[in-house]
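Next come the chains, spelled out residue by residue.
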Amino acid sequence: MLTNALLYSDYHVNYSFGSLVMQQTEFRYDVNGLRAYALLLVVFYHFNLPLFHAGFIGVDIFFVISGYFMTKIIADQLYVNNFNIKNFFYARFIRIVPPLLLVTITFYCVSFLLLNPEDFQYYCKYVIKSLTFTSNISLLKEADDYFAANSAKNLLLHTWSLSVEWQFYLLYPFLFILLNKVVKHPRGLITILSLLLLSSFLFSVYQSTINRAYDFYMLTTRAWEMLAGGLVYLFESSRTSQQSRPPILLKLFGVALVLLSLITINDKVLWPGYLAILVVIGSSLIIYSVNNSLRIFNHPVIYNIGLASYSIYLWHWPIHFFANYYFPHSTTINNIGFSALSIIIGYLSYKFIERKVISWAKGKGQLFSFSFFLCTVLIFIGVADHTRKNSGFPWRGGENYLSLINKIKMPSPEDGWCFYSIASHHEFTVGLPGVQCKVGNTIHPRKKGLLFGDSYAGQYIPFWQSVGENNFMQLQAITTNWCNPSTGNDFSGPHSSRAYQQCLFNRHYLLDHISDYDFIVLAGSWTKDFDNPQSIEGLRDLITKIQQKNVPLIIMDEPYQFEENVGALYKQNLWRHRYFDIQPYTSVKMDNTLRATSQILDQLIANPANTLHLRRSDLFSPTHYAVDDIPYSLDGGHISVLGSLAAERYFIAHGGSEKLQHFLKQ
């Protein structure tokens, strides 16, 4: 993701014991070739081509190359007292921002024509994040938010790495300048950077075991890869003019390490944990061992791909997005074609647009070109923010689209439902306000119950609103993000979230008021919860305490689950006026997993006589459709408001009221 100009330098700094030796440096065909292969790995991985299941290591290679050239630029100029921080940042800005701006504006126009409002709104959110180089931070936040869009559906997902690099660029020159003033000997600089590298690497290994998203997206866990590239340059520079270049076997060994990583690593491993050291060492050895004669690195095709790698990288993911949008079950042959198309479009963009724009900018001078592109960025951010705030302009879909889409959402306070989603509503406070929701027949109820759980309980609020009205029941709904039914401190969300504090409050409130209810309903994301043994024991203890008080207990199965976001897929088909066939997204494996979860629930029910287990077959049609071709599912896991109300109708139509009344009269 570096521009080709970074592969050149007018001189090579060689310092040893404080002395400088200036040498001419030739174009690094080998590093340019390495960058081309890194790009191809990423592209082929994203297009799911065979043999490239570990192609994501290409980003790690990019980071090493980036650290190498950033260190070279800064160190070379510092040691001849010619480093200018303004020039440094201008060079980074003018090479990174205009191509990114071109891609984001192009796909804004394409998205306006092709994407439904929800996807268009989400795209505009990431236009802002990508142009402010904070998309990695937003993706980290979404990784802890199971209401967020699937990352693969993010048109600008790939800009997270640009954000990491830009954050590195903002900090690294100042660090280097400071160390240059404090440390008088090159070995001291190498030692300090090595310690920083080690710290970042160990932090990455640690985070890979507790927070994989943080480990993947954040600068603090990626900095060691860029520092590795920086150390390669410092070691390279510390060679005296009399010392020979490293042998070619060193470069070939580096190639072998990268190939070994490609063969042995897959997307199930903790990344970039300790295994990333294979890729980083391999890349570092390839760069350190200067050799431009190897054909695999200087072939004309590889040479041109390397030069255009930044543009190709920018274009390939949006092309992948729309290929998947229109051909969700694409064949390998099609994916090869789309990969080639990405490379061709990226190269043409580089040759006929990027190079000309950068040349034009340099001709206009720093102040004018920087001001021009900065103003363009700010204006476009304003346009994107206006689009985002207006929900992606849903008027584009017409009245029929609007009437349907307004019901395909999670029950939320904005729409009059009282799911206490404190994680996404900053105005909510921890405590009693989170337990005051009442639904159903709230005027003359004959039975008073409690609905308790996480968002998988909150999704049933419309269900119980309708059931309660028709059966003279009032339910107090105590539902909060990630708050699975339990008596313990287990919590599937981030403990730093206010939802955790609200969850503990909810659980204490429930335990203190069990006897106040005529019946209690528990619902949760059982399959995910049961991955944690503490959640199972916490639920077992809660069931026991409720049954000891002789309070009738109802446990609801979670809805049918899908590996794809079928709600979003339905919206895409609705937008394109196509019938939505849900069958390709059903899974025998997932159904077996859910069946096993229901069996665990049966085992936890110690007193079945006083417990009613509402199963999926009681609540949902086996067709998985709520109405016509509209699925119950909102996001592949939760059900929508429309789905919840449809579940109530199905439940009533199949004797649910009678079953419920019979159970509560026992």
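This structure is a prediction, so every number in the text was calculated from the model and none was measured.

Concerning the state of the cysteines
Inspection of every chain in the model, using the stated rule, returns 2 disulfides. Covalently, C418 is tied to C437 through a disulfide, its sulfur atoms 1.6 Å apart. One end of the pair, C418, is in the loop between α17 (398-405) and β3 (437-440); the other, C437, is in strand β3, with 19 residues separating them in the sequence. Accessibility expressed as a relative area gives 26% for C418, which makes it partly exposed. Given a relative accessible area of 9%, C437 falls into the buried group. Paired by a disulfide, C483 and C503 hold their sulfur atoms 2.1 Å apart. Because the torsion about its S-S bond is 80°, the bridge between C483 and C503 counts as right-handed. Residue C483 is located in the loop between β5 (473-479) and α20 (498-513), and its partner C503 is located in helix α20; the two are separated by 20 residues in the primary sequence. Overall, the relative accessible area of 0% leaves C503 in the buried class.

Things to note about the environment of V205
Residue placement: V205 occurs in helix α7 (residues 186-210). Measuring from C-alpha to C-alpha, the distance between V205 and N292 comes to 35 Å, with 87 residues separating the pair along the chain. Here V205 is in contact with G273 and Y274, once residues within four sequence places are set aside.

As for a nonpolar patch on the surface
A cluster of nonpolar side chains, contributed by F112, L113, L114 and W395, occupies part of the molecular surface with about 420 Å² of accessible area. Inspection of the secondary structure assignment puts L113 in helix α3 (residues 85-114).

As for unusual backbone geometry
The omega torsion across W271 and P272 is 5°, close enough to zero to call that bond cis. One non-glycine residue, N48, lies in positive phi territory at about 60°. Looking at the element boundaries, N48 is found in the loop between α1 (29-46) and α2 (57-78). We note that N81 has phi near 55°; this positive angle belongs to a residue other than glycine. With respect to the secondary-structure elements, N81 resides in the loop between α2 and α3.

Observations concerning helix α27 (residues 656-665)
What α27 keeps buried is the set G656, S657, L660, F663 and L664. Buried positions in α27, seen along its axis, are confined to an arc of 135° and lie on one side of it. Of the exposed residues in α27, those oriented more than 90 degrees away from the buried face are E658, H662 and K665.

Observations concerning the pairing of strand β7 (residues 553-556)
Side chains of β7 alternate between two faces, with L553 and I555 and I554 and M556 buried alike. When strand β6 (residues 519-523) meets β7, the two strands line up parallel, connected through 4 bridges. Across the sheet, V521 pairs through a bridge with I554, a residue of β7. Two elements, β7 and strand β8 (residues 611-614), share 4 bridges in a ladder whose sense is parallel. The partner of L553 across the bridge, within β8, is T611.

A few points about the pattern of salt bridges
Here the structure, examined in full by the defined rule, presents 18 salt bridges. With its nearest N and O atoms 3.5 Å apart, the salt bridge here joins D76 to K72. On the criterion of helical spacing, the pair formed by D76 and K72 is a turn pair, its members being 4 residues apart in helix α2. Assigned by exposure class, D76 and K72 land together as buried. In this structure, K268 and D267 form a salt bridge, with 3.4 Å as the shortest nitrogen-oxygen distance. Residues joined by salt bridges that share partners form a network here, namely R28, D30, E236 and K251.

What counts, and at which threshold
- Residues numbered from 1 in each chain as written.
- Predicted model: local features only at pLDDT ≥ 70, side-chain atom pairs only at ≥ 80, totals over all residues.
- Heavy atoms only, no water.
- Disulfide = S-S within 2.5 Å.
- Helix = DSSP H or I, 4+ residues; strand = E, 2+ residues; numbered from the N terminus.
- Buried < 20%, exposed > 50% of the residue type's maximum accessible area, 1.4 Å probe, protein only.
- Contact = heavy atoms within 4.5 Å.
- Patch = residues over 30% accessible without salt bridge, like charges linked within 9 Å, V, L, I, M, F, W, Y side chains within 5 Å.
- Areas by Shrake-Rupley, 256 points an atom, 1.4 Å probe, with all protein chains shown as cover.
- Salt bridge = Lys/Arg side-chain N within 4 Å of Asp/Glu carboxyl O.
- Arc of directions from axis to C-beta.
- Pairing = 2+ DSSP bridges.

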